[in-house]
Amino acid sequence: MPALYLLDYGAGNVASLANSLKKLGHEFTWISSPDDFAKADKLIFPGVGAFKHAMDNLNQKGLLDPLREYLASGRPYFGICIGMQVLFAASMEHADTEGPVPGLSVIPCSIERFSTEGGKAVPHMGWNQAERLRPRESGDEIDIGEDLSYYFVHSYRATYDPDSPLNDWTYTTTQYGQEVFVSSVNQGNIFATQFHPEKSGPAGLRLLDSWVRAPINPPSASFIPRSRVSRPPNAKDGLAKRVIACMDVRTNDEGDLVVTKGDQYDVREKAGNSLTASAAGAVRNLGKPVSLAAKYFEAGADEICFLNITSFRSSPLLDQPMLSVVRAAANEIFVPMTIGGGIKDTVDPDGTPHTALEVAGAYFREGADKVSIGSEAVYNVEALLKDGKQTGKTGIEMISQAYGSQAVVVSIDPRRVYVDPETYDGPYKEELIRPTTGPEAGKAWWYQCTVSGGRESRPLSVVQLAKGVEQLGAGELLINSIDRDGTGKGFDLDLVNLIKNAVRIPVVASSGAGSEQHFVEVFNGTKAEAALAAGIFHRGEVGIGAVKDAMSKGSLNIRRI
Ligand code: 1PR
């Protein structure tokens, strides 16, 4: 058996790759010192996070030169995301402060930021197609499905240009908006993907497996030039609209961690609704978090989200059950996983302080891909608006600096505030929704932010919050609605449009899904990149497959599994 090594430079969620390989039955060893490179027959570098952070860490740990030597030796290398980008000559990720940051210069081209032309969101986050640039050659063992989707999450990319040296390196291309970029490269024993096979469901697992099993070709020192192939953009890109299954998790009165679901954030049984009088007022129990997550993964959920809905009450690092839920779920699900609740600076009961970055780091190490920040984001933006300047010390800033903005979701819990449309002259008049048709015609309202699961309203509108957290470095917004939560009346399209028009980052519509058609409606009626539901999935009223079928019939791009 060839000795398979994984390189972890100390950032991001590398647990997912390890879990994928375990699932596939492959043994591996982590590179723990520079000497380990000499023992490796195959090497995977699952880089996650920021380019400079990766290069600096490799350098500080003395891993950069051994990595160069490994690559020059011609032994097989599989780079993932930053593990692909470090092969390039430079990245412009830190151009504002540092200028171009040099990479390993194996590929003589640079990595630049996606354009936002046409209003497209950056990061490019979600499931998109990787298309082979050339027909598969004999002896090529890599299993990339022609028509399948893989999970991407990045703001920087190498644009495909047939007249540049990239032509010789490009294995697959992918289209985002009207940009065609290089989504995987291959020369000799070097293979690397911009997307994350370890997060790409069954298609990604097959790809990883094929690379690990592929025979090791003799190290070919010579570089193979390839025929020039042009790849102009198609009218429409292949980015799928994502369907997310969300589990609100909390401890019930018996002390068990359960998935619950509220009506407008009230998760307790109403007196008279429950079967027995003694159960009246009990926390609704809709199942166990890990088994439900595994079920949704199998059913084709594009992402899984856990929200620890009472974590504001205690220190999340002491919340071992939640950490073990994440660890156990990461062994079962191979699509992105978001964890929310209690991501903030905290102090343990014994007085030990922890930063939000530490809390997030604990979840990432257990297998989370993104953390979601709720209440704390509201306080951060209030402070930003008051002081007029960033501190660099908020959880959003620190986590996005260390792990990349794509790892930071802000979860918004707004509530409508109705006002008199004729007389209102308050600070939110530019943000008022004033329907002229439908049941709310003639009314007017704005959306107010809340904290602590809707228990407290704050003097901040959703537009202020959305713009503020984007400035601080959030990479995605989860737009809940207390008014719609659990009602089954459909997503609040006014709310989603209001926020989507205020920011450039991707948004997830949440709250109110009652049928598969509501997903079609939100994707046709807004530019949301994803839609999330809880109750209809937990109660088995609508399956994820039915949602995808309805979307497909409605000509929406769905993930190709
Ligand atoms: O403030 O950073 O500790 O985060 C707490 C997190 O917990 C926030 O993301 C907040 O939205 C969430 N949360 C707090 N209390 C509740 C509650 O329900 N009492 N749940 C709560 C929020 C909203 C969605 C829900 C959708 C879809 N739940 O996640 O799943 O509304 O539901 P539906 O499809 O059934 O309509 P912090």
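Residues numbered from 1 in each chain as written. Predicted model: local features only at pLDDT ≥ 70, side-chain atom pairs only at ≥ 80, totals over all residues. Heavy atoms only, no water.

**Observations concerning the pairing of strand E22 (residues 408-412)**
Look at any regular strand and the pattern is simple: side chains alternate between the two faces of the sheet. Note the cut-off: Each residue is assigned to one of three classes by its accessible area relative to the maximum for its type, calculated with a 1.4 Å probe on protein chains only: buried under 20%, partly exposed between the two thresholds, exposed over 50%. Going along the chain from the N terminus, every DSSP run of H or I of four or more residues is numbered as a helix, and every run of E of two or more is numbered as a strand. Strands were regarded as paired on the criterion that DSSP finds at least two bridges between them.
When you tally the buried positions in E22, you get five out of five residues, the bulk of the element. Burial along E22 is two-sided: the face carrying Val-408, Val-410 and Ile-412 and the face carrying Val-409 and Ser-411 are both buried. Taken together, the three bridges between strand E21 (residues 370-373) and E22 define a ladder with parallel strand orientation. Looking at the pairing, Val-371 lines up with Val-408 of E22. Note that E22 and strand E26 (residues 476-479) share four bridges and pair parallel. By the bridge assignment for E26, Ser-411 is matched with Leu-478.

**Some remarks on the state of the cysteines**
Each disulfide is one covalent bond, formed between the sulfur atoms of two cysteines. Condition: What counts as a disulfide here is a pair of cysteine sulfur atoms lying within 2.5 Å.
For the structure on display, the rule yields zero disulfides. The thiol sulfur of Cys-81 is not disulfide-bonded, and the nearest other cysteine sulfur, from Cys-109, lies at 18 Å.

**Section: the pattern of salt bridges**
Put simply, the test is: Salt bridge, as used here: a side-chain nitrogen of Lys or Arg that lies within 4 Å of a carboxyl oxygen of Asp or Glu.
According to the stated counting rule, one finds 31 salt bridges in the structure shown. Measuring nitrogen to oxygen at the nearest pair gives 2.9 Å for the salt bridge that ties Asp-36 to Lys-39. Asp-36 gets classed as buried once you look at its relative accessible area, which sits at 5%. Close ionic contact of Lys-120 with Glu-179 constitutes a salt bridge, the shortest N to O distance being 2.5 Å. Placement of the pair is Lys-120 in the loop between strand E7 (107-113) and strand E8 (124-129) and Glu-179 in strand E13 (residues 179-187), with a sequence separation of 59 residues. When salt bridges that share partners are traced, they join Arg-242, Glu-303, Lys-370 and Glu-476 into one network.

**So, the UniProt feature "binding site: L-glutamine" (unreviewed entry) in the chain**
What counts is decided by this rule: UniProt positions are given in the numbering used here, feature names are shortened, and annotations may be inferred rather than shown by experiment. Should any heavy atoms of two residues lie within 4.5 Å, those residues are considered in contact.
In the numbering used here, UniProt assigns the "binding site: L-glutamine" (unreviewed entry) feature to Cys-81. Along the chain, the position of Cys-81 falls in strand E4 (residues 77-81). By relative accessible area, which is 6% here, Cys-81 ends up buried. Apart from the residues lying within four places of it in its own chain, the contact partners of Cys-81 are Gly-47, Val-153, Thr-193, Gln-194, Phe-195 and His-196.

**Regarding the UniProt feature "binding site: substrate" (unreviewed entry) in the chain**
Within this structure's numbering, the places UniProt gives as "binding site: substrate" (unreviewed entry) are Gly-342 and Asn-480. Classification of Gly-342 as buried rests on a relative accessible area of 14%. Sequence-distant contacts of Asn-480, defined by excluding residues within four places in its chain, comprise Tyr-265, Ser-411, Ile-412, Asp-413, Pro-414, Leu-495, Ser-510 and Ser-511.

**Some points on the sheet that holds strand E25 (residues 456-461)**
Quick reminder of the rule: Fitting a line to C-alpha atoms yields each axis, with helices limited to the stretch in contact; the angle taken between N-to-C directions then spans 0 to 180 degrees.
Read from one edge of the open sheet, three strands run E23-E24-E25, paired in antiparallel fashion. The sheet is open, and its two edges are formed by strand E23 (414-419) and E25, each paired on a single side. The mean angle between the axes of side-by-side strands here comes to 50°, regardless of whether they run parallel or antiparallel. One ladder, built from three bridges, connects strand E24 (residues 444-451) with E25; its direction is antiparallel. Following the sheet pairing, Gln-448 is matched in E25 by Ser-461. The sheet contacts of helix H11 (residues 375-387) involve E24 and E25, and relative to E25 the element is tilted by about 45°.

**What about the side chain of Lys-548?**
The following threshold applies: Polar contact is the term for a pair of N or O atoms within 3.5 Å; when the atoms are in protein, one must be able to donate a hydrogen and the other to accept it, and sequence-neighboring residues count only if both atoms are side-chain atoms.
Along the chain, Lys-548 falls in helix H17 (residues 544-553). Here Asp-302 takes part through its side chain, which lies 2.9 Å from a polar atom of the side chain of Lys-548. Lys-548 has contacts with Val-243, Gly-300, Asp-302, Ile-558 and Arg-559, leaving out every residue within four places of it along the chain.

**Some words on the site of the ligand**
Our working definition: The criterion for a residue being near a molecule or strand is simple. One of its heavy atoms has to lie within 4 Å of it. Calculation of accessible area relied on Shrake-Rupley with a 1.4 Å probe; when residues are assessed, cover is drawn exclusively from the protein chains displayed. Side-chain classes are defined by residue name, with Ala, Val, Leu, Ile, Met, Phe, Trp, Tyr, Cys and Pro counting as nonpolar, Asp, Glu, Lys and Arg as charged, and the others, Gly among them, as polar.
Around the ligand sit 25 residues in total, of which Ser-375, Ser-411, Asp-413, Asp-485 and Ser-511 are the nearest. A distance of 2.9 Å is found between an oxygen atom of the ligand and a backbone nitrogen or oxygen belonging to Gly-374. At a separation of 2.6 Å, an oxygen atom of the ligand approaches a polar side-chain atom of Ser-375. Coverage of the ligand by the protein amounts to 98% of the 770 Å² it exposes when considered alone. Contributions of two or more residues to the shell around the ligand are made by strand E15 (242-251) and strand E28 (530-533). Residue composition of the shell around the ligand, grouped by class: eight nonpolar, 13 polar and four charged.

**So, the packing of aromatic side chains**
Formally: Pairing of aromatic rings covers Phe, Tyr and Trp, the last through its six-membered ring, and needs centres within 6.5 Å; plane angles under 30 degrees mean stacked, over 60 mean edge-to-face, and all others mean tilted.
Scanning the entire structure with this criterion turns up 19 aromatic pairs. Ring centres of Phe-114 and Tyr-176 lie 5.4 Å apart, and the angle between their planes is 85°; this geometry places the pair in the edge-to-face category. A residue pair is termed long-range when its members are at least 10 positions apart, and Phe-114 in the loop between E7 and E8 and Tyr-176 in strand E12 (residues 170-176) qualify at 62 residues. You'll find Phe-114 and Tyr-176 in the same group, each marked buried.

**Details of the environment of Thr-423**
Residue placement: Thr-423 occurs in the loop between E23 and E24. Taking C-alpha positions, Thr-423 is 67 Å from Leu-43, a pair spaced 380 residues apart along the chain.

**A word on the domain arrangement of the chain**
Condition: All domain edges in this entry derive from an automatic or database-based domain assignment. As a working definition, buried area equals the accessible area (1.4 Å probe) given up by two parts on being put together, with both sides summed.
What the domain assignment lists for the chain is domain 1 (4-213) and domain 2 (242-396 + 480-553). Taking the mean C-alpha position of each, domain 1 and domain 2 sit 30 Å from one another. Contact residues are listed per partner, giving 21 residues for domain 1 and 22 residues for domain 2. Both faces combined, the contact of domain 1 with domain 2 buries some 1600 Å², and carbon together with sulfur accounts for 57% of it. Taken together, the connections running from domain 1 to domain 2 amount to one salt bridge. Close ionic contact of Lys-199 with Asp-369 constitutes a salt bridge, the shortest N to O distance being 2.8 Å. Counting across the interface, domain 1 meets domain 2 through seven residue pairs in polar contact (both at pLDDT 80 or more). Breaking the side of domain 1 that touches domain 2 down by element, the ones donating at least two residues are helix H1 (15-24), E8 and helix H7 (201-213). Among the elements that line the side of domain 1 that touches domain 2, the one with the most residues is H1, at five residues. In terms of residue class, the side of domain 1 that touches domain 2 is built from eight nonpolar, nine polar and four charged.

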